[in-house]
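# Survey of secondary and tertiary structure
Letter by letter, the chains look like this.
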Amino acid sequence: MNTTGSNAATGAAQNVHNPDYLVDIQHERLSFFTPAGEVKALNDVSLYVRPGEVLGIVGESGSGKSVTAYSIMGLTAYPGRLIGGDIWFNGHHINEMSEREMRKMRGNEVSIIFQDPMTSLNPVYTIGNQIREVILLHTSKNKAEANARARELLTLVGINEPDKRLKQYPHELSGGMRQRVMIAIALACEPKLLIADEPTTALDVTIQAQILELIMDLKKRLGMAVILITHDLGVVAGTCDRIAVMYGGKVVESGLTDDIFYRPAHEYTKGLLVSIPNLKDQSHTRLVPIEGSPVDMLNPPAGCPFAPRCRSCMKVCLGRMPEYTHLTDSHYSACWLLDKAEFEQRQREEQA
Amino acid sequence: MENRKLVEVQHLQQYFPVLGGKLLEKKVVKAVDDVSFYINKGETLGLVGESGCGKTTTGRTLLRLYEPTDGKIFYDGVDITHVNMLPYRRKMQIVFQDPYASLDPRITVGDIVGEAIDIHHLAKNEQERRDRIIELLALVGLNSEHANRYPHEFSGGQRQRVGIARALAVNPEFIVCDEPISALDVSIQAQVVNMFEDLQEKMGLTYLFIAHNLSVVKHISNRIGVMYLGKIVELADSYELTFHSIHPYTRSLISAIPVADPETARASRRIVLEGDVPSPVDPPSGCHFRTRCPYADERCAQEDPELKEVTAGHFAACHHLDRVR
């Protein structure tokens with residue numbers, strides 16, 4: 001175990017891009033300047049995704065999970081502004097890219113599917129038109145070739161009668177079908193990264209199973225990386241290689257899927273895991289809720305954002321944000337309790 | 001839990017007229033189609049199903065928020081299908097899904113809770129009314145100063161508490177909980193679920209708990225009914241249903257639920273259903289589930305299976321129970 005210093009906190013050294021990572025976010029700070037005041041949506045967020053890997057970002061509403069993912073595409077909505085840190089994607093330094101360069105990248109190297117397939121398709125254009133648009137924009141294919149590719153894509157995402165569907169409008173399709181069309185559009189240029197922002201939240205359970213299976217199958221076939229954003233721990237358990245848990249604009253814990261579920265280190269992760277009922281439980285056990293309410297992002301606590309709701313909150317938690325403690329190469333968490341444990345262990349070793 | 005039926009519905013039907021594809025053509029959506037069940041006093045009956053299966057409509061028709069097309073509703077042995085509901089509103093209440101839409105934004109939380117007290121003349125004077133409001137807010141974990149605030153000043157979880165306090169204001173015996181936690185954050189859901197359990201214990205309440213999340217429904221319910229396109233396809237004790245389900249739809253529903261445990265998730269093989277839920281305007285003939293069912297044959301297209309008791313207290317509606325097992 002060792003504790004790494006955060007250079008944003010000390011204001012020292014420049015962030016250095018690790019070329020092994022497809023997505024490399026370092027010490028990102030992003031705020032929304034609303035009439036009510038500055039909302040610090042992201043407060044020193046660092047993340048990485050390797051090529052071909054599935055990263056799950058878990059957190060509740062307002063934790064900053066979507067904002068983080070959108071910023072990779074340069075999609076920060078007004079009045080939001082990136083105010084610190086660096087974002088690299090596929091060799092591009094996003095901070096320094098112009099809108100023009102960004103448009104070339106979006107849909108081509110990185111794509112996104114949104115939560116609500118009802119509103120993310122344009123109702124006045126046919127499905128075919130919307131798929132062809134991406135292909136015509138990013139490749140040198142002509143209209144006939146683009147149409148052939150669109151048909152191929154619909155087959156790829158498991159839509160039967162593709163020729164008929166190409167001529168249909170979004171309202172003629174069901175929710176699950178529309179989400180499949182969204183995936184087809186996202187995959188049109190075989191991106192290196194697919195961002196799936198709550199892709200199944202608006203869908204029924206049986207349809208959710210279909211869509212998740214489809215995303216995982218396509219990921220294997222096309223070898224792309226996936227960032228899966230969700231609030232459902234069940235969804236990430238079966239799909240992700242690594243998980244980042246976000247709370248109040250910070251990544252509080254990150255690690256391999258098994259680390260997060262079987263060796264959670266942060267009190268929030270632990271709390272989350274025991275607060276959900278398990279379908280496999282043989283008897284009735286009372287749920288252990290996380291007390292209190294979610295953080296008010298306009299007035300976040302000075303220290304750890306979870307401190308006001310934490311069962312093991314100490315004095316230091318309220319005033320200062322802890323650094324990350326690395327438990328393994330890939331598993332790290334920001335919690336003073338881990339520092340305390342580490343300190344006590346060192347003391348024991350010294351005595352022995 | 002007593003062995004006395006508090007609420008019962010028999011062959012309940014709720015049809016809604018819709019405009020058809022052709023001009024002036026009249027069609028109906030059979031939102032609830034011949035549903036029968038009962039709930040014992042002190043018991044929680046869960047209703048699960050996908051969107052559009054009629055679970056919410058069942059709950060609302062049961063309270064006669066919609067007038068049933070056909071069928072009978074009994075409360076404590078009395079047929080209430082055609083009576084004046086005002087006296088029964090004191091006994092039967094509802095908590096809605098969306099705590100952002102179900103509270104009037106222009107009146108204070110105290111008045112939202114107090115409205116029920118006024119309508120049923122449950123307080124003799126202003127002081128008594130105020131005391132009662134504070135007592136109710138305390139019951140759901142809010143304090144007296146919250147009474148003077150407006151709904152927008154509260155978080156989702158707190159608003160749902162207000163919705164529950166409002167339902168409790170008339171001292172009801174029976175509450176329909178219509179997806180009360182689906183709009184809440186994961187970390188808040190457990191708080192509200194525990195509160196429902198505590199209140200049941202304290203006040204001897206009876207619940208009809210409607211949700212699409214089977215894990216939560218199983219946690220809180222004594223028995224569960226599974227609905228598909230307006231019909232109950234399986235009904236059983238909650239453990240019996242989750243571990244020994246016999247209807248092909250229930251089985252696929254259970255296997256489709258993502259389990260928050262990586263090892264189980266990797267090991268489990270899902271029964272992934274093909275296709276979507278058919279439109280309730282034009283449901284398939286015979287068994288409604290046959291278009292997505294791996295066991296379907298000609299008989300399913302012709303005959304509508306009845307809900308039969310397979311083992312004691314375990315009901316299922318399927319022609320091919322032997323093959324499924």
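Cut-offs and rules
Residues numbered from 1 in each chain as written. Chains lettered and ligands numbered in written order. Predicted model: local features only at pLDDT ≥ 70, side-chain atom pairs only at ≥ 80, totals over all residues. Helix = DSSP H or I, 4+ residues; strand = E, 2+ residues; numbered from the N terminus. Rg over C-alpha atoms; globule rule 2.2 N^0.38 Å. Buried ≥ 20, exposed ≤ 12 C-beta atoms within 10 Å, placed from the backbone. Contact = placed C-beta atoms within 7 Å. Nonpolar A, V, L, I, M, F, W, Y, C, P; charged D, E, K, R; others polar. Axes fitted to C-alpha atoms, helices over the stretch in contact; angles between N-to-C directions. Left-handed = near helix turned anticlockwise from the far one by under 90°. Parallel < 35°, antiparallel > 145°, perpendicular 65-115°, else oblique. Expected span 1.5 Å × (residues − 1). Pairing = 2+ DSSP bridges. pLDDT = per-residue confidence, 0-100. Core = buried A, V, L, I, M, F, W, Y, C linked by C-beta atoms within 7 Å.

### A look at the overall build of chain B
Scanning chain B from N- to C-terminus turns up twelve helices and twelve strands. Computed over the C-alpha atoms, the radius of gyration of chain B is 21 Å, within 12% of the 20 Å expected from 2.2 N^0.38 for a compact globule of 325 residues. Over its C-alpha atoms, taken along the principal directions, chain B stretches across nearly 70 × 55 × 45 Å. Classification of the 325 residues of chain B by burial places 47% in the buried group. Restricting the contact set of chain B to residue pairs at least 6 apart, pairs at least 24 apart contribute 64%.

### Some thoughts on unusual backbone geometry
All names here are of chain A. The residue after Tyr-78, namely Pro-79, is reached through a cis peptide bond having omega 0°. With respect to the secondary-structure elements, Pro-79 resides in the loop between helix 2 (65-72) and strand 5 (80-89). Not every positive phi belongs to a glycine, and Glu-190 is a case in point at roughly 45°. Among the structural elements, Glu-190 can be located in the loop between helix 7 (175-187) and strand 8 (193-197). We note that Glu-198 has phi near 45°; this positive angle belongs to a residue other than glycine. By secondary structure assignment, the location of Glu-198 is in the loop between strand 8 and helix 8 (205-222).

### Focus on the interface of chain B and chain A
Tallying the contact residues gives 35 residues for chain B and 37 residues for chain A. At the level of elements, helix 5 (156-168), helix 6 (186-203), helix 7 (214-220), helix 9 (248-256) and helix 10 (262-267) of chain B are the ones that each hand at least two residues to the side of chain B that touches chain A. If you tally residues by element for the side of chain B that touches chain A, the top one is helix 6 of chain B, at six residues. Residues that form the side of chain B that touches chain A fall into these classes: 15 nonpolar, 13 polar and seven charged.

### Focus on the environment of Glu60(A)
Residue position: Glu60(A) is located in the loop between strand 4 (54-58) and helix 2. By the C-beta count within 10 Å, which is 20 here, Glu60(A) ends up buried. Through-space distance from the C-alpha of Glu60(A) to that of Tyr78(A) is 22 Å; in sequence the pair is 18 residues apart. For Glu60(A), the contacting residues outside a window of four places in its chain are His231(A), Pro294(A), Asp185(B), Val186(B) and Ser187(B).

### Let's talk about the packing of helix 3 (residues 109-119) of chain B against helix 4 (residues 126-139) of chain B
All names here are of chain B. Across the interface, helix 3 lies against helix 4 with an axial gap of 10 Å and an inter-helix angle of 115°. Seen along the crossing, helix 3 lies across helix 4 with a hand that is right-handed. Within the contact between the two elements, helix 3 uses Gly-110, Val-113, Gly-114 and Ile-117 and helix 4 uses Arg-129, Arg-132, Ile-133, Leu-136 and Leu-137.

### Remarks on the packing of helix 7 of chain A against helix 8 of chain A
All names here are of chain A. Running from amino to carboxyl end, helix 7 crosses helix 8 at an angle of 15°, the nearest separation of the two axes being 10 Å. Taken together, the axes of helix 7 and helix 8 lie roughly parallel to each other. In the packing of helix 7 onto helix 8, the handedness of the crossing is right-handed. In this structure, helix 7 contributes Gly-175, Gly-176, Gln-179, Arg-180, Ile-183 and Leu-187 to the contact, and helix 8 contributes Ile-207, Gln-210, Ile-211, Leu-214, Ile-215, Leu-218 and Leu-222. Grouping the amino acids of the contact of helix 7 with helix 8 by side-chain chemistry returns eight nonpolar, four polar and one charged.

### Topic: helix 6 of chain B
Here helix 6 of chain B contains 18 residues, and its C-alpha end-to-end distance of 26 Å stays within 8% of the 26 Å for a straight helix at 1.5 Å per residue. Within the span of helix 6 of chain B, buried status applies to Ser187(B), Ile188(B), Gln189(B), Ala190(B), Gln191(B), Val192(B), Val193(B) and Phe196(B). Buried positions along helix 6 of chain B lie against helix 11 (267-275) of chain A together with helix 5, strand 7 (174-178), strand 8 (206-210) and helix 7 of chain B. Just downstream of helix 6 of chain B lies Gly204(B), where phi reads positive at about 60°.

### Quick look at the pairing of strand 3 (residues 44-48) of chain B
Residue and element names in this part refer to chain B. The element strand 3 is largely enclosed, with a buried count of five among its five residues. Residues Thr-44, Gly-46 and Val-48 line one face of strand 3 and the alternating positions Leu-45 and Leu-47 line the opposite face, and both faces are buried. Examined bridge by bridge, strand 3 and strand 8 share four bridges and lie parallel to one another. Paired with Leu-45 across the strands is Leu-208, a residue of strand 8. With four bridges connecting them, strand 3 and strand 9 (residues 223-228) associate as parallel partners.

### Some thoughts on the sheet that holds strand 11 (residues 308-311) of chain B
Strand-to-strand pairing in sheets goes through backbone hydrogen bonds, with the strands running parallel or antiparallel. All names here are of chain B. Taken in spatial order, the eight strands line up as 6-7-8-3-9-10-12-11 in an open sheet, and their pairing is mixed. Edge positions in the sheet fall to strand 6 (92-95) and strand 11, since each has one partner strand and no second. Pairwise comparison of adjacent strand axes, ignoring direction, gives a mean angle of 20° for this sheet. Sitting on the sheet, helix 5 touches strand 6 and strand 7, and the angle it makes with strand 6 is about 175°.

### Structural notes on the confidence of the model for chain A
With 96% of its residues at a pLDDT of at least 70, chain A reaches an overall mean of 89. Here residues 1-12 of chain A is a poorly scored stretch, pLDDT under 50, and it has 21 contacts once near neighbours within four places are set aside; other chains count.

### Describing the confidence of the model for chain B
Counting all residues, the mean pLDDT for chain B is 90, and 98% of those residues have values of 70 or more. Both confidence scores are given for the complex: pTM 0.87, ipTM 0.82.

### Describing the nonpolar core
As a rule of thumb, soluble globular proteins bury nonpolar side chains together. Ranked by internal contacts, the top residues of the largest apolar core, which has 188 residues, are Ala184(A), Leu193(A), Ile227(A), Val245(A), Val113(B) and Leu208(B). Of all the elements, helix 7 of chain A adds the most residues to this core, at eight residues. Setting aside residues up to four positions removed in sequence, Ala184(A) forms contacts with Ile131(A), Leu153(A), Leu154(A), Leu156(A) and Val157(A).

### Side note on helix 8 of chain A
Note on helix geometry: an α-helix contains 3.6 residues per turn, so any two residues three or four positions apart are oriented the same way. Here helix 8 of chain A is 18 residues long and its end C-alpha atoms lie 26 Å apart, about the 26 Å a rise of 1.5 Å per residue gives. Inspection of helix 8 of chain A places Val205(A), Thr206(A), Ile207(A), Gln208(A), Ala209(A), Gln210(A), Ile211(A), Leu212(A), Ile215(A) and Leu218(A) among the buried residues, and these make up the whole buried set. Contacts made by the buried residues of helix 8 of chain A are with helix 7, strand 8, strand 9 (225-230) and helix 9 (233-237) of chain A together with helix 9 of chain B. Count one or two residues on from helix 8 of chain A and you reach Gly223(A), which has phi positive near 65°.

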